[in-house]
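# Working through the structure, step by step
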Amino acid sequence: MIRGEPLKVPVYRRIAPAAAALLIASCNPAQVTQSSAPPAQASDVRQTPAGGHPIGDKVSDDEYGEFLSRPEELASVPINDIGKSIRLSAGALALGRVVYQKNCAVCHGEDLKGRKEAHAPDLTDDEWRFSGDDLASGGVNKLPSDVEWTVRYGVRSGNPNARGVEADMLAFDPQYRNQHDLEDYGRVKTVTSAEIDDLAEYVLQLTGQQSNPAKAARGKALFLDNAKGNCFDCHEEDATGNPALGSTNLTRKDLFLYGSDKASIVESMTKGRRGVMPAFGDKLKPEELKAVSVYVFSQAAPEAPAAPNP
Ligand code: HEC
Ligand code: HEC
């Protein structure tokens, strides 16, 4: 490397653990801004920041205990407290990364960006399909425990505490309804295929794609009509989705799990969608469940800290 040339380390690698800990503590946007470390100089990378141990690329065995908590120590700490400790967060990030690659990458991708074929969401954006549980902010501030809930019980996994059980994307064509939808809606057909076409044009318009204005206008009326599309009931009037139900934000193409082209939108409406994520509560050790949730949560922050390779 030429002397004086900046070291090509991705920004997230340079964030000191103290900043990482703050990021993990809460995804409150104000805090995130405050905690973003200024860009480090190349020479800073391996320096020990005040009160902390640098999260390097590799963790050697002798660093465990003093600088990083050992995995089993995480089991007894409440998950949202892990981010308050530099040592515990460093341990959680190191373990969480390994647990993630082993159990989650198959669907969410090694880079956490979500695999389209698995219909699994991108975990690096700060858009959560499922709501937060923070009482003080009414669920607005997201916490590692929100991720832990999803991971422990899954999404429509069959576990009684799973996410997404309350409402799913029903099949508007009754022949594709599952037992759950048949109990709720019977065989009632509220929209014709021409109306599904109008609704699809409206969804195209919502996502900023080319659409037929006359059809989209009719589709909008159907979207808001509780005897017809009734879409607003689950997707909200402005179509941005309802995080208590895990319904897709229909104004953002990049958040669609099943494709945002017209054919995919029509299929979503006609046949319904029931995304499933397995529950991990009985597959992972308590410390693994916490560590992977802390890790995933930390990666969703605007400037995510790196987890070291243990
Ligand atoms: C009972 C609640 C409910 C109603 C009513 C409903 N949706 Fe949905 N919709 C959902 C949920 C939940 C999802 C996410 C499904 C998943 O993640 O598998 C979804 C997903 C979708 C998708 C797929 C988006 C993606 O991620 O690819 C489209 C398109 C869609 N809805 C459009 C509509 C339209 C248009 C209507 C009205 C005709 C409608 N929905 C009515 C709950 C509902
Ligand atoms: C078999 C595939 C699969 C595996 C394995 C899997 N997931 Fe998922 N995950 C999904 C799908 C599909 C969804 C979205 C379900 C829906 O809403 O339709 C999801 C949703 C999520 C969400 C909710 C995201 C949000 O925006 O609210 C989180 C968090 C998550 N997964 C984390 C994990 C973690 C951590 C692991 C590993 C311990 C994991 N997942 C393993 C398929 C998977």
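The following refers to the structure shown.

### What to know about the site of ligand 2
- Ligand 2 sits among 26 residues. The nearest are Cys104, Cys107, Arg129, Gly275 and Met277.
- Elements that contribute at least two residues to the shell around ligand 2 include exactly α5 (105-108), α6 (144-153) and α12 (286-299).
- Residue composition of the shell around ligand 2, grouped by class: 18 nonpolar, 7 polar and 1 charged.

### Quick notes on the packing of helix α4 (residues 86-103) against α12
- Interhelical geometry of α4 versus α12 gives an angle of 95 degrees and a closest axis separation of 7 Å. Classified by the angle their axes make, α4 and α12 are roughly perpendicular. Here α4 contributes Ser89, Ala92, Leu93, Leu95, Gly96, Arg97, Val99 and Tyr100 to the contact with α12, which in turn contributes Glu287, Glu288, Lys290, Ala291, Val292, Val294, Tyr295, Val296 and Ser298.
- Its residues assigned to classes, the contact of α4 with α12 comprises 10 nonpolar, 3 polar and 4 charged.

### Examining α12
- Between its first and last C-alpha, α12 extends 20 Å over 14 residues, near the 20 Å set by a 1.5 Å rise per residue.
- Most of α12 sits inside the fold, with 13 of its 14 residues counted as buried.

### Things to note about the nonpolar core
- With 27 residues, the main nonpolar core has Ala92, Ala291, Val292, Val294, Tyr295 and Val296 as its most contacted residues.
- The dominant element in this core, judged by the number of residues it contributes, is α4, at 9 residues.
- Residues contacting Ala291, with those up to four places away along its chain left out, are Leu74, Ala92, Leu95, Gly96 and Val99.
- In terms of nonpolar packing, the next biggest core, distinct from the first, is built from 18 residues, Leu170, Ala171, Leu204 and Leu206 among them.

Calculation rules
Residues numbered from 1 in each chain as written. Chains lettered and ligands numbered in written order. Predicted model: local features only at pLDDT ≥ 70, side-chain atom pairs only at ≥ 80, totals over all residues. Near = placed C-beta within 6 Å. Helix = DSSP H or I, 4+ residues; strand = E, 2+ residues; numbered from the N terminus. Nonpolar A, V, L, I, M, F, W, Y, C, P; charged D, E, K, R; others polar. Axes fitted to C-alpha atoms, helices over the stretch in contact; angles between N-to-C directions. Parallel < 35°, antiparallel > 145°, perpendicular 65-115°, else oblique. Contact = placed C-beta atoms within 7 Å. Expected span 1.5 Å × (residues − 1). Buried ≥ 20, exposed ≤ 12 C-beta atoms within 10 Å, placed from the backbone. Core = buried A, V, L, I, M, F, W, Y, C linked by C-beta atoms within 7 Å.

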